[in-house]
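For reference, the chains in residue letters:
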Amino acid sequence: METKSWKEIKDSVYGKKGTERRDKLDRDFESFKIGLLLRKAREWNSLKKVDKF
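K.L.:
Mind showing me how you'd approach the overall build of the protein here?
P.N.:
Scanning the protein for helices and strands turns up 2 helices and 0 strands. Within the span of the protein, comprising 53 residues, buried residues form 8% of the whole. Carbon and sulfur atoms provide 59% of the accessible area of the protein, an area that totals close to 5500 Å².

K.L.:
Help me understand a nonpolar patch on the surface, please; the structure alone is not making it clear to me.
P.N.:
A grouping of Trp6, Ile9 and Val13 is seen on the molecular surface, where their side chains present a nonpolar patch of about 310 Å² in accessible area. Along the chain, Trp6 falls in helix α1 (residues 6-14). Judged by relative accessible area, Trp6 falls into the exposed class, the value being 60%.

K.L.:
I'm lost on the packing of α1 against helix α2 (residues 20-44) in this one. Help?
P.N.:
For any two helices packed against each other, the geometry comes down to the angle between their axes and how far apart the axes lie. α2 packs onto α1 with a crossing angle of 125 degrees between their chain directions and a minimal axis gap of 9 Å. When the interaxial angle is binned, α1 and α2 end up oblique. Facing α1, whose interface residues are Lys10, Asp11, Val13 and Tyr14, α2 presents Arg21, Arg22, Leu25 and Asp26. Looking at the contact of α1 with α2, its residues break down into 3 nonpolar, no polar and 5 charged.

K.L.:
What is the right way to look at the environment of Lys24 in this model?
P.N.:
Relative to the helices and strands, Lys24 is located in helix α2. On the accessibility criterion, Lys24 (45% relative accessible area) is partly exposed. Linking Lys24 and Tyr14, residues 10 residues apart in sequence, is a C-alpha distance of 9.4 Å. Within the local environment of Lys24, its side chain forms a polar contact with the side chain of Asp28, the two groups lying 2.7 Å apart.

Analysis parameters
Residues numbered from 1 in each chain as written. Predicted model: local features only at pLDDT ≥ 70, side-chain atom pairs only at ≥ 80, totals over all residues. Heavy atoms only, no water. Helix = DSSP H or I, 4+ residues; strand = E, 2+ residues; numbered from the N terminus. Buried < 20%, exposed > 50% of the residue type's maximum accessible area, 1.4 Å probe, protein only. Areas by Shrake-Rupley, 256 points an atom, 1.4 Å probe, with all protein chains shown as cover. Patch = residues over 30% accessible without salt bridge, like charges linked within 9 Å, V, L, I, M, F, W, Y side chains within 5 Å. Salt bridge = Lys/Arg side-chain N within 4 Å of Asp/Glu carboxyl O. Axes fitted to C-alpha atoms, helices over the stretch in contact; angles between N-to-C directions. Parallel < 35°, antiparallel > 145°, perpendicular 65-115°, else oblique. Contact = heavy atoms within 4.5 Å. Nonpolar A, V, L, I, M, F, W, Y, C, P; charged D, E, K, R; others polar. Polar contact = N/O pair within 3.5 Å; in protein donor to acceptor, adjacent residues only side chain to side chain.

Below you can see the structure in the form of C-alpha cells.
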C-alpha cells in the first residue's frame, strides 16, 4: 500500500491548485482558520461574541 501526502490527496479529490473546486476549498479553510484565531483571541481576552444587528 502506497502512502500519499496530504497534497496528493487534495489534488486527487479536489483537483489541482487553480481549479475552481480547489480554490473554494482553500478559501473556506482559510476562513475557518481565521474564525478559530478570532475565537481564541476572544477567549483569551474574556470577551463575548458580538451579536449582529
